[in-house]
Every structure is written in structure tokens, then in C-alpha cells.
Amino acid sequence: MNNPWDGVPVRAEASGWHWVEDAAGLRPLLWRGDDWPEPLDRREWQDGVVICAPTDMRGERYFGPVAMPEDVAKRFHAVQREAAAPVRPSWASRFGLR
């Protein structure tokens, strides 16, 4: 008999896609690892706009990381870094001049 999954993927320190099967079926879910740009959002699963803690995934079936071509993986990490870059408002917009 297999031990139930604890909700944490292999290589949990790295963000990436993983195959998980739950009530919605077998599908890729995004794991936000220790390298996720926003510290408060690390070590969580993202399913579209829904965020799940590892404890929410306990007992589901885990199949491992999604095999991703190297160029796609590089693009994924670049997009995450761009999204995390702070946006500095201009002085004009800060004071309602625009």
C-alpha cells in the first residue's frame, strides 16, 4: 500500500508545474517554491486564481514534475521575475496630476 501524499512536491524549493490528480481529474498545477518572487506566496499551489496550501492537497495523487522544454522553462521563470518587479509610480500619478 502506498503512503498518502503530504501535498509537497519533489524539489519543493523550485517553482514549477506538477501533475496532480484530485476530484477535478489529472492536471498540471503550479507550485510556488522558495524561488517565487513574492515571499508571502511561497510554498503554495496555484490552480488558476485559487491558491491552495500543501495541507489542502494531502491525500491527492502526485505524479511528479511536468517535463518542460528548457526554453519554455526559461521563459516561465523570466515571466515570473517580470511580474514581481516593483512598479514605481511617477510623481505625477502619485499626486493625481494624470
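Scoring rules and cut-offs
- Residues numbered from 1 in each chain as written.
- Predicted model: local features only at pLDDT ≥ 70, side-chain atom pairs only at ≥ 80, totals over all residues.
- Heavy atoms only, no water.
- Phe/Tyr/Trp six-rings, centres within 6.5 Å; stacked < 30°, edge-to-face > 60°.
- Helix = DSSP H or I, 4+ residues; strand = E, 2+ residues; numbered from the N terminus.
- Buried < 20%, exposed > 50% of the residue type's maximum accessible area, 1.4 Å probe, protein only.
- pLDDT = per-residue confidence, 0-100.
- Core = buried A, V, L, I, M, F, W, Y, C linked by side-chain atoms within 4.5 Å.
- Contact = heavy atoms within 4.5 Å.
- Pairing = 2+ DSSP bridges.
- Axes fitted to C-alpha atoms, helices over the stretch in contact; angles between N-to-C directions.
- Salt bridge = Lys/Arg side-chain N within 4 Å of Asp/Glu carboxyl O.

Novice: Just checking my understanding: could you explain the packing of aromatic side chains for this structure?
Specialist: Each pair of aromatic rings is reported with the distance of its centres and the angle of its planes. Evaluation of the coordinates by the stated rule reveals three aromatic pairs. Summarising the aromatic geometry, the rings of Trp5 and Tyr62 are spaced 4.9 Å apart at their centres and angled 15° between planes, so their arrangement reads as stacked. On the criterion of sequence distance, the pair formed by Trp5 in the segment before strand S1 (16-22) and Tyr62 in strand S5 (residues 61-65) is long-range, its members being 57 residues apart. One exposure class covers both Trp5 and Tyr62, and it is buried. Put simply, the rings of Trp5, Trp31, Trp45 and Tyr62 pair up and form one aromatic cluster.

Novice: Looking at this structure, how should I read the confidence of the model for the chain?
Specialist: Summarising the model, the chain shows a mean pLDDT of 85, and 81% of its residues fall at 70 or more. Put simply, helix H2 (residues 91-94) is where the chain has its lowest mean pLDDT, 60, and S5 is where it has its highest, 95.

Novice: Is there a simple way to explain the nonpolar core in this structure?
Specialist: Across soluble globular proteins, nonpolar side chains have a tendency to be buried as a group. Membership of the largest hydrophobic core is limited to nine residues, which are Trp5, Ala12, Val20, Leu29, Trp31, Trp45, Cys52, Met57 and Tyr62. Look past the residues within four positions of Trp31 in its chain and what remains in contact with it is Gly7, Pro9, Ala12, Ala14, Ser15, Gly16, His18, Arg43, Glu44, Trp45 and Pro54.

Novice: Which parts of the structure should I look at to understand the sheet that holds strand S2 (residues 25-32)?
Specialist: Paired through backbone hydrogen bonds, the strands of a sheet run either parallel or antiparallel to each other. Spatial strand order, S4-S3-S2-S1-S5: five strands in an open sheet with antiparallel pairing. Each edge of the sheet is formed by a strand with only one pairing partner; in this case those strands are strand S4 (50-52) and S5. Recorded for the sheet is a direction-independent mean angle of 35° between the axes of neighbouring strands. Of the strand pairs in this sheet, S2 and strand S3 (residues 44-47) are connected by three bridges, and their pairing is antiparallel. When the bridges of S3 are listed, Leu30 appears paired with Gln46.

Novice: Would you mind going over the pattern of salt bridges with me for this structure?
Specialist: When charged atoms on two side chains of opposite charge get close, those side chains can pair. Tallied over the full model, the rule gives six salt bridges. Taking the shortest distance from any N to any O, the salt bridge between Glu21 and Arg61 comes out at 3.5 Å. Linking Glu21 in strand S1 with Arg61 in strand S5, this pair joins segments that are 40 residues apart in sequence. In this structure Glu21 comes out as partly exposed when scored by relative accessible area, which is 26%. In this structure, the salt-bridge partner of Asp22 is Arg27, at a minimum N-O distance of 2.5 Å. For the pair formed by Asp22 and Arg27, the shared burial category is buried. Members of the salt-bridge network, linked through shared partners, are Asp22, Arg27 and Asp47.

Novice: Would you explain unusual backbone geometry in this entry?
Specialist: Leaving glycine aside, a negative phi is the common case for residues, and trans is the common case for peptide bonds. Even without being glycine, Arg11 reaches a positive phi, approximately 50°. The exposure class assigned to Arg11 is exposed, which follows from its relative accessible area of 54%. Residue Arg43 is not a glycine yet carries a positive backbone phi of 60°. Its place among the elements puts Arg43 in the loop between S2 and S3. Looking at Arg43, the relative accessible area reads 37%, which means it is partly exposed.

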